[in-house]
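Fold and geometry: a report
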Amino acid sequence: MAYVKWGLIALILVVVGAFLHHYLPSQDIVRVVRTETVRVDVQDTDAQGNEVQRTRDQNRIYTFTVNGDERVYRNEDTGWGFPWYFKFDTANLAAAAEDAVSTKASPDWYVVRHYGWRIPVFSMFPNALSMRPAEGPDEPLTPWFNIFLLVGMVLTVLMIRRVLIILRERHVDPMVEAIDGELDQTASWWRRQWRRLTGSGK
């Protein structure tokens, strides 16, 4: 049972970690080389609940990191839905990215804030949320938002755990003790009846 317990805990931690890694924002220092609008096919649901394939435009930002690695971002609004970044300025970001284009010989470095994964086999791209000029290619990037959010989540979990412990000590444990006491009294009564009927001293 111990292996099952720790296996489930490990599985939960992996799932939660992957979820947070995908949806929490990350930052890259990059050089923008071009932007593009492409047509992509997406699966959607119509009014009758049937799966249909639709075509829509997707803005993309093509960049290179300081180390020369390619980074391609999609540029789409999140709107009011999940994840709750409330991004409505896709057109503004597209214009800023177009204006940020620079050459390898004379690079301009920008910090792109994004979420999501790049998975080529599924044509998945991280979604760019914002961009700003970097202080330089070596600017240190501290994920303050992620730090505060994770600390808040840990504190919330600890607070909930403490509340559950208090509720158990005040309500559940006394109830269990009362039930145990009643069961002991019932068992004692039956033992007395058995001794009376059998004349046994046990």
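Definitions and cut-offs
- Residues numbered from 1 in each chain as written.
- Predicted model: local features only at pLDDT ≥ 70, side-chain atom pairs only at ≥ 80, totals over all residues.
- Heavy atoms only, no water.
- Patch = residues over 30% accessible without salt bridge, like charges linked within 9 Å, V, L, I, M, F, W, Y side chains within 5 Å.
- Areas by Shrake-Rupley, 256 points an atom, 1.4 Å probe, with all protein chains shown as cover.
- Salt bridge = Lys/Arg side-chain N within 4 Å of Asp/Glu carboxyl O.
- Helix = DSSP H or I, 4+ residues; strand = E, 2+ residues; numbered from the N terminus.
- Buried < 20%, exposed > 50% of the residue type's maximum accessible area, 1.4 Å probe, protein only.
- Arc of directions from axis to C-beta.
- pLDDT = per-residue confidence, 0-100.
- Core = buried A, V, L, I, M, F, W, Y, C linked by side-chain atoms within 4.5 Å.
- Contact = heavy atoms within 4.5 Å.
- Phe/Tyr/Trp six-rings, centres within 6.5 Å; stacked < 30°, edge-to-face > 60°.

**Notes on a nonpolar patch on the surface**
Residues Trp144, Ile147, Phe148, Val151, Val154, Leu155 and Leu158 make up a contiguous nonpolar surface patch of about 720 Å² in total accessible area. If you trace the backbone, Val151 turns up in helix H3 (residues 144-198). Accessibility expressed as a relative area gives 44% for Val151, which makes it partly exposed.

**Regarding helix H2 (residues 90-99)**
For H2, every residue scored as buried is listed here: Thr90, Leu93 and Ala97. Angular distribution of buried residues about the axis of H2 spans 65°; they occupy a single face of the element. Among the exposed residues of H2, those pointing more than 90 degrees away from its buried face are Ala91, Asn92 and Asp99.

**Topic: the confidence of the model for the protein chain**
Averaged over all residues, the pLDDT of the protein chain equals 89, while 97% of them reach at least 70. Of all helices and strands in the protein chain, the one with the weakest mean pLDDT is H3 (83), whereas strand E4 (residues 109-115) scores best (98).

**Some remarks on unusual backbone geometry**
Cis geometry is adopted by the peptide bond preceding Pro83, which originates at Phe82 and carries an omega value of -5°. Relative to the elements of secondary structure, Pro83 occurs in the loop between strand E3 (70-75) and H2. The phi dihedral of Phe86 falls on the positive side, at around 50°, and the residue is not glycine. Within the fold, Phe86 resides in the loop between E3 and H2. Under the relative-accessibility criterion, Phe86 is labelled partly exposed at 44%.

**Here we look at the nonpolar core**
The biggest cluster of nonpolar side chains holds 11 residues, and these are Val30, Val32, Ile61, Tyr73, Leu93, Ala97, Ala100, Tyr110, Val112, Ala128 and Met131. Breaking this core down by element, the ones donating at least two residues are strand E1 (26-45), H2, E4 and strand E5 (127-133). Once residues lying within four places of it in the same chain are set aside, the contact partners of Val32 are Ile61, Tyr62, Thr63, Ala97, Ala100, Val101, Ser102 and Met131.

**Focus: the packing of aromatic side chains**
Applying the stated criterion across every chain, the model contains 9 aromatic pairs. The interplanar angle of 25° and the centroid separation of 6.3 Å between the aromatic rings of Tyr23 and Tyr115 together place this pair among those described as stacked. Here Tyr115 lies in strand E4 and Tyr23 lies in helix H1 (residues 2-23), a separation of 92 residues in the sequence. Cluster of aromatic residues (ring-pair linked, three or more members): Phe19, Tyr23, Phe82, Trp84, Tyr85 and Tyr115.

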